[in-house]
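Tertiary structure, described
The lines below spell out each chain.
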Amino acid sequence: MASQRRALTQTQWTAFLDTAELCPTPQFVKLACEHVLRHWPSDLDISHVSIPATARDVVFSVFERAEHEFGWQYVNHALGYITAAKHGLSEPELLDVLSCDEKIMDELVMKTELPRRRFPFLLWSELRQALGNLLVFSGVDNSCVMRWSCHLVQQVAEDRYLTRTVKRDRHSALADFFLGRWHGVAKPYRCKQR
């Protein structure tokens, strides 16, 4: 906590320790600590909040908060692509796949004025920031790719973003991208008015 230049009040610290005693695994303590540091300001009255009880619940809470802040459809698609990619995706790959995703782009065009039909990096970077340490960068085949930090996060993401009904769609979109279906070809789309 000192490295984050944060301190908890005595009441907050006691609540954190009480929760950590119920699930004393290193993974839970690490995730819960990150949760507390991100979402508990020093003046927070903790009588109305709680720390999720398990590591899985902490991950679920982060995803739920991101969906609320950025929109369910965008988070579902973006995190679904990362989850579906066997070894992860680089940021440019994810932005390209999102730019080819008609549902995401149509929703985005309805909300904002884009200089070109391309998914904005800034919107992705805000979501990446909200995910904290759940998403990590690693080297794969001389590329820097994003992937989930551990198997538990991967499992929660699969349960949430790769349900049976959408798994095929995410894999199909990734296959189109990596096979170069839209390389050098303008992808047709129907312009929807705001």
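Here is what the cut-offs are and how they apply
- Residues numbered from 1 in each chain as written.
- Predicted model: local features only at pLDDT ≥ 70, side-chain atom pairs only at ≥ 80, totals over all residues.
- Heavy atoms only, no water.
- pLDDT = per-residue confidence, 0-100.
- Helix = DSSP H or I, 4+ residues; strand = E, 2+ residues; numbered from the N terminus.
- Buried < 20%, exposed > 50% of the residue type's maximum accessible area, 1.4 Å probe, protein only.
- Pairing = 2+ DSSP bridges.
- Phe/Tyr/Trp six-rings, centres within 6.5 Å; stacked < 30°, edge-to-face > 60°.
- Lys NZ or Arg CZ within 6 Å of the ring centre and 35° of its normal.
- Core = buried A, V, L, I, M, F, W, Y, C linked by side-chain atoms within 4.5 Å.
- Contact = heavy atoms within 4.5 Å.
- Expected span 1.5 Å × (residues − 1).

**Let's talk about the confidence of the model for the chain**
Per-residue confidence for the chain gives a mean pLDDT of 85; residues scoring 70 or more make up 91%. Mean pLDDT across the elements of the chain bottoms out in helix H1 (residues 10-22) (77) and peaks in helix H4 (residues 72-84) (96).

**Let's talk about unusual backbone geometry**
The phi angle at Asp141 is positive, at roughly 50°, despite the residue not being glycine. Positionally, Asp141 belongs in the loop between strand E1 (135-140) and strand E2 (143-148). For Asp141, a relative accessible area of 71% puts it in the exposed group. Even without being a glycine, Asn142 presents a positive backbone phi close to 60°. Along the chain, the position of Asn142 falls in the loop between E1 and E2. We classify Asn142 as exposed; its relative accessible area is 87%.

**Describing the pairing of E2**
Each regular strand displays side chains that alternate between the two surfaces of the sheet. Judged from the six bridges that link them, E1 and E2 form a sheet pairing that is antiparallel. Following the sheet pairing, Phe137 is matched in E2 by Met146. Counted between consecutive antiparallel strands, the loop separating E1 from E2 contains two residues, among which Asp141 sits at a positive phi close to 50°.

**Quick word on the packing of aromatic side chains**
Following the criterion strictly, the structure yields four aromatic pairs and no others. Plain terms: the ring middles of Phe63 and Trp148 are 5.4 Å apart, the flat faces sit at 65° to each other, and that makes the pair edge-to-face. Linking Phe63 in helix H3 (residues 55-70) with Trp148 in strand E2, this pair joins segments that are 85 residues apart in sequence. Here Phe63 and Trp148 have matching classes, each one buried. Look at Phe63 and Tyr161: their rings are 5.3 Å apart centre to centre, the planes differ by 65°, and that puts the pair in the edge-to-face class. Here Phe63 is found in helix H3, whereas its partner Tyr161 is found in helix H8 (residues 151-161), with 98 residues between them in sequence. Taken as a pair, Phe63 and Tyr161 share a single burial class, namely buried. Put simply, the rings of Phe63, Trp148 and Tyr161 pair up and form one aromatic cluster. Geometry around Tyr81 places Arg170 over its ring, the cationic atom sitting 5.6 Å from the centre.

**With respect to the nonpolar core**
Among the nonpolar cores identified, the biggest contains 51 residues, and Phe63, Tyr74, Leu79, Phe119, Trp124, Leu127 and Trp148 are the most heavily contacted of them. Residue contacts for Tyr74: discarding those within four places in its chain leaves Leu98, Ile104, Phe119, Leu123, Trp124 and Leu127.

**Focus: helix H2 (residues 26-39)**
Taking 1.5 Å per residue, 14 residues should reach 20 Å; H2 reaches 20 Å between its end C-alpha atoms and fits that length. Taken together, the buried residues of H2 touch H1, H3 and H8.

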